[in-house]
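# Structural description and commentary
Okay, here's what each chain looks like letter by letter:
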Amino acid sequence: MNGAVKISLLNYELELLPEKGIYWNQQHTLFVADTHFGKEATFRFHHVPVPEGSTTGTLRSIGTMVERTDPKTLVILGDMFHAKSSLSKTTCEQLQAFRQHHPTLQIKLVPGNHDRPLGTLPTDWEIEIIPAGEFADGLAVGHEPDNFPSGAALMLCGHLHPAVHLKSVIDQPGRLPCFWWHKKRLILPAIGDFTGCSTIRPTRDDGVWVVADGNVISYPRRKSPKSKRASS
Amino acid sequence: MMDTVQQAKPETPSKTVDRFFQSIGWKPFRFQRSTWRAYRDGSSGLVHSATGTGKTLAVWMGPILKWLSENRDRQKWQPKRPPGLRVLWITPLRALAGDTEASLRQPLDHIGLPWKLESRTGDSKASAKARQLKRLPTALITTPESLSLMLTHEKLLEQFKQLEGVIVDEWHELLGTKRGIQTELALSRLKKLNPKLRIWGLSATLGNLEQAKQALVGVEPANSDNDNAVGTDSVRIIEGYRKKRLHLESIIPERMESFPWSGHIGIRMVPQVAEKIESVNSTLVFANTRSQTEIWYQQLLKQRPDWAGRIALHHGSLDTSVRQWVEKGLREGALRAVVCTSSLDLGVDYTAVDLVIQIGSPKGAARLLQRAGRSGHQPEATSQLAFVPTNAIELMELAAAQDAIRAGHLEARPLLRKPLDVLAQHLVTIAIGGGFHSDELLREVRTTQAYESLTDIEWQWVLDFVVRGGSSLDAYPEFKRVERTGDFYHLTQRRIQTSHRMNIGTIVSDAAMHVKYMKGKTLGTAEESFLSKLKPGEKFLFAGRLVEMVCVRDNVAYVKRSKGTPDTVPRWMGGRMPLSSELSEALRHKLHEASQQKLTGREMKALKGLLDIQQKWSIIPQANQLLIEQIKTRTGFQIFLFPFEGRLVHEGLAALIAYRISRDRKTTFSMACNDYGVVLQSPEKTEIDPDTARSWFSTDDLMADILESMNCTEMAKRQFRQVARIAGLIQQGLPGARKNARQLQASSNLFFDVFCQYDPDNLLLEQSRREVLDQQLEATRMHSAMERINQSQIMIKEPPRVTPLAFPLLVDKLRERVSSETLADRIARMQMQLEAAAAETEK
């Protein structure tokens, strides 16, 4: 089924998508993190020539997931824009086009550290700013993995841009972005086309799913006997 | 001196100079006199010879003599009003500027010349730099970077017009590098300002002196309308004093049979080396890497504790004050030995040194000669070099190097072809320093050897790149750098000017962190990637001391002295040099001799036991044979190939062969290379017969296959890092904009991906690929190697054990990988192995 993986974490049924988003069927909600829209424009603003394209690329990935899962709501888990200078004319036009293409989709943003200096977003984009905290049914959302909301069972968040380094004696496929289940947090890989990632060191109790060649694949390692990890 | 002032008839300039030579106990050599004459006559040229034979005075006295003959009347000399700028002295290392200044000052002081001599480098004080911007001294010592920086100041251009001569010291160090090209471009600008400019270079002896000369003085534009320009016929190559005697020997391990087959530290040799050092007054011990110097320094101290304070350590990551102390000690003969890297390859002469020890492979015959020249510094003295092998096979390399030197097969410095990143930087520099008209600057740029063949399309692309970000009209909205007004290009925004000035240069270093004591003394720098992995309390060798990590704060690693044994030694990244093709060929010849039971020289005789094992388990390849060994080990199936063509060619070959095999069959190869051969490791066995093996070396579709295999190994991506930095994509800090700096962080990998995806025609991508082909894979050398192998007999062996030739490859870390499997397949296999291993342990 198109490289996606269905997992069950603490009885929440979630679908990890190869475009780096998570779909929660129960609430008809699609989650993505760290879009960093307009990062290329920020570079150009500072006289560094980076070509156009990564914002539309990121929007295209989101569009693909929206078309496949047909969600009511899209939640962006922070760092929607890279910097104030990211809201260039070109970037705004690209977002406008996305909005027009998906007029009924509710878009919600949990502001991240990059979003704070932005001020208000154009009202015709109809983006609702929601605070970090419980989203629905005990599932919380946030940007940074710190400050776990009390009372929540599980939190979806971003900020870290997680990736793992795959390596064994005989092969070394390299660094791959991943979903990381760590201490009741499910951290999403950065969806932004023009974003880097940082290598994480998962512990035995963690769950990791790498995104490779259009597939979400459970991270290969020796399972500990006491693993509480649920898998597809 | 002053008494001569009273003479009725002024002394002739040449007499004045002779008197200076007398005062230092020398007599001018013939080559020095001919250099002076050539300078007087308005020629440019290149002076080459071994170090320590008076090259500096050969070029430096030219401008002095000329000034003396124009100003014969001492009465009119005005020390308080020194003449304006006449001579520019370019040194490749800013650390050398001080020493150079001292040695250039000597004749000035002796003659009492009213010249002002100053330095301008990254280390100079801001106040001095500001003063110089108003009025440059008579002679200025500078670096390529500082020279480019000066070109951004429009008001200096008037003064540069009066410049009479430029002298480029250690030109061989700059030649074939982007810094060299940066220098060529700056020189072309200076030549434009004064068409009669004399350009002189000093160089070690190289295999391609003619090219070295041409790169230095530039080329004539095809249809030159400038009769005043220095014609290429008036450019001289002058050979310095050449009757330098040389004594090379190897220190052969006492117990050859127990000497290891692999490794690159060689500490078993410490006792013998200590004895050798004891036998003379002052020794330079050259090691190939900085970490090796740290280890050797410690080991020598352990061997001879009484040498504490009398031996020292010198490498590029040590704090300047430490290095200066060591250099001073060397000059004064106060140090018994200094363990160093190529950091002491350059620099003024250390007359006290009477022995050079080379630890590990010298990689090239010219380099070995150059290092040997660091000892026995008076022109009549003999240079002494002792070679210390770090593993058994290295002995062969010295045997080969001796043959190459004897036959006069010295390495050429391959030149770079028109790198567009350096040109882009230069264009911005000129746009700030007064602006330019496109046609005019293109003509000027084409007078450099590097850009002689620059096409109009390439030129236009670079212009577009600095003006609107790229050639595509709509890919770079809102981007601004160089402004265009009609046909005039200039850059007036102060912020961009400042950030460009901060980023001028072509040296790309890894993020380095200072290493400091808690009390504040700086020890030097090490790579952030190394320091950030250390935990507090972990002990490591640094600057010749054992220190332990306390904490990392504000990009400084704080350490304190420690006792015990080190947990680790810092690793500094650095280009690993391949064995030169001259030396590789000599090496194949040595092996061929050995295969015929002919062992010439002490080194080869010492290797008899090892060569016998190789012959018994496999074969010793003849010059017209390619040896392939196949063996199964714990980690998989190994294929060893021994082309003996140097590491870079092997890296290319490994990727290519792995690609060609994996095209026919789904598999994944891990590879490692050294100067002798290649190992390919795979999870399954590859059946080989001579015909299959020969097809791996086919030159059909070679370029396409190389490019294809290269994509797999991501070499271009790594090369792009340097290109992106030089072209100004990655900036090192923006002035007064700390916060922005964080917003502008993106790795070169990320840039590479974004360009590949959204501006695939960007010529900087093309350049990175070309640089990988030319420099990293040495594609030309690879091509000729493959043609040679195609003519060779292919010998396939399945030895009972890993042979002496194969052993170093096997213990080397596997780096590159080529795969035709999908990531999912590879991950699934990893999972299966882990489960199998888990099942194993549960049993």
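Basis of the calculations
- Residues numbered from 1 in each chain as written.
- Chains lettered and ligands numbered in written order.
- Predicted model: local features only at pLDDT ≥ 70, side-chain atom pairs only at ≥ 80, totals over all residues.
- Helix = DSSP H or I, 4+ residues; strand = E, 2+ residues; numbered from the N terminus.
- Rg over C-alpha atoms; globule rule 2.2 N^0.38 Å.
- Buried ≥ 20, exposed ≤ 12 C-beta atoms within 10 Å, placed from the backbone.
- Contact = placed C-beta atoms within 7 Å.
- Nonpolar A, V, L, I, M, F, W, Y, C, P; charged D, E, K, R; others polar.
- Pairing = 2+ DSSP bridges.
- Axes fitted to C-alpha atoms, helices over the stretch in contact; angles between N-to-C directions.
- Domains from an automatic or database assignment.
- Parallel < 35°, antiparallel > 145°, perpendicular 65-115°, else oblique.
- Core = buried A, V, L, I, M, F, W, Y, C linked by C-beta atoms within 7 Å.
- Expected span 1.5 Å × (residues − 1).

## A few points about the overall build of chain A
Regarding its fold elements, chain A presents three helices and 16 strands. Its C-alpha atoms give chain A a radius of gyration of 17 Å, near enough to 17 Å, the size a compact globule of 232 residues would have. Each of the three principal axes of chain A carries a C-alpha extent, and together these read 55 × 40 × 35 Å. Going through the 232 residues of chain A one by one, you find that 49% of them count as buried. Looking at chain A alone, contacts between residues at least 24 apart form 66% of all its contacts between residues at least 6 apart.

## Structural notes on the interface of chain A and chain B
Opposite the 34 residues of chain A that make contact, chain B presents 40 residues. Per-element accounting of the side of chain A that touches chain B gives the leading share, five residues, to helix α1 (residues 39–45) of chain A. When grouped by side-chain class, the residues that make up the side of chain A that touches chain B number 16 nonpolar, twelve polar and six charged.

## Details of the sheet that holds strand β5 (residues 73–76) of chain A
All names here are of chain A. The strand order across the open sheet formed by seven strands is β1-β2-β3-β4-β5-β6-β7, and the pairing between neighbours is mixed. On the outer flanks of this sheet lie β1 (5–9) and β7 (127–129), each paired with one strand and no other. When the angles between neighbouring strand axes are averaged without regard to direction, this sheet yields 25°. Inspection of the sheet shows strand β6 (residues 106–109) paired to β7 by three bridges, in the parallel sense. Each residue of the ladder has a partner; that of Lys 108, found in β7, is Glu 128.

## Quick word on the pairing of strand β2 (residues 87–90) of chain B
Residue and element names in this part refer to chain B. Burial along β2 is two-sided: the face carrying Val 87 and Trp 89 and the face carrying Leu 88 and Ile 90 are both buried. The pairing of β2 with strand β4 (residues 139–142) spans four bridges and is parallel. Counted as the bridge partner of Trp 89 is Ile 141 from β4. As judged from the four bridges shared by β2 and strand β5 (residues 165–168), these two strands associate in the parallel manner.

## Observations regarding the sheet that holds strand β20 (residues 545–553) of chain B
All names here are of chain B. Strand order across the open sheet formed by five strands is β18-β17-β21-β20-β19, with mixed pairing between neighbours. Each having just a single partner strand, β18 (522–527) and β19 (539–542) make up the two edges of the open sheet. Neighbour to neighbour, the strand axes of the sheet diverge by 45° on average, direction disregarded. As paired elements, strand β17 (residues 512–517) and β18 share five bridges and run antiparallel to each other. Opposite His 514, over in β18, you have Thr 525 as the bridge partner.

## A word on the domain arrangement of chain B
Structurally, chain B comprises domain 1 (2–239), domain 2 (245–406) and domain 3 (512–561). A separation of 33 Å is found between the C-alpha centroids of domain 1 of chain B and domain 2 of chain B.

## A closer look at the packing of helix α14 (residues 365–372) of chain B against helix α15 (residues 394–406) of chain B
Working note: a packed helix pair is described by the angle between its axes plus the distance between those axes. All names here are of chain B. Between α14 and α15, the least distance of the axes is 9 Å, while the angle of their chain directions is 85°. In terms of orientation, α14 and α15 fall into the roughly perpendicular class. Contact with α14, carried on its side by Ala 365, Leu 368 and Leu 369, involves Ala 401, Ala 404 and Ile 405 of α15 and no other residues of that element. Grouping the constituent residues of the contact of α14 with α15 by class yields six nonpolar, no polar and no charged.

## What to know about the nonpolar core
Residues and elements named next belong to chain B. Formed by 227 residues in total, the largest nonpolar core has its most connected members in Val 285, Val 338, Val 339, Val 462 and Ala 658. Looking at which element gives the most residues to this core, the answer is helix α24 (residues 647–664), with ten residues. Once residues within four sequence positions are removed from consideration, Val 339 is found in contact with Val 285, Ala 287, Thr 293, Trp 296, Tyr 297, Leu 300 and Leu 313.

## Digging into helix α12 (residues 290–303) of chain B
Residues and elements named next belong to chain B. Taking 1.5 Å per residue, 14 residues should reach 20 Å; α12 reaches 20 Å between its end C-alpha atoms and fits that length. Within α12, ten of the 14 residues are buried, which leaves it mostly tucked inside the rest of the structure. Residues of α12 that are buried include every one of Arg 290, Ser 291, Gln 292, Thr 293, Glu 294, Trp 296, Tyr 297, Gln 298, Gln 299 and Leu 300, and no others.

## Examining unusual backbone geometry
The phi torsion of most residues other than glycine is negative, and most of the peptide bonds are trans. Residue and element names in this part refer to chain A. A positive phi is found at Asp 137, a non-glycine position, where the angle reads about 55°. Tracing the backbone shows Asp 137 in the loop between β8 (133–136) and β9 (139–141). Even without being a glycine, Asp 213 presents a positive backbone phi close to 45°. Along the chain, the position of Asp 213 falls in the loop between β15 (207–212) and β16 (215–218).

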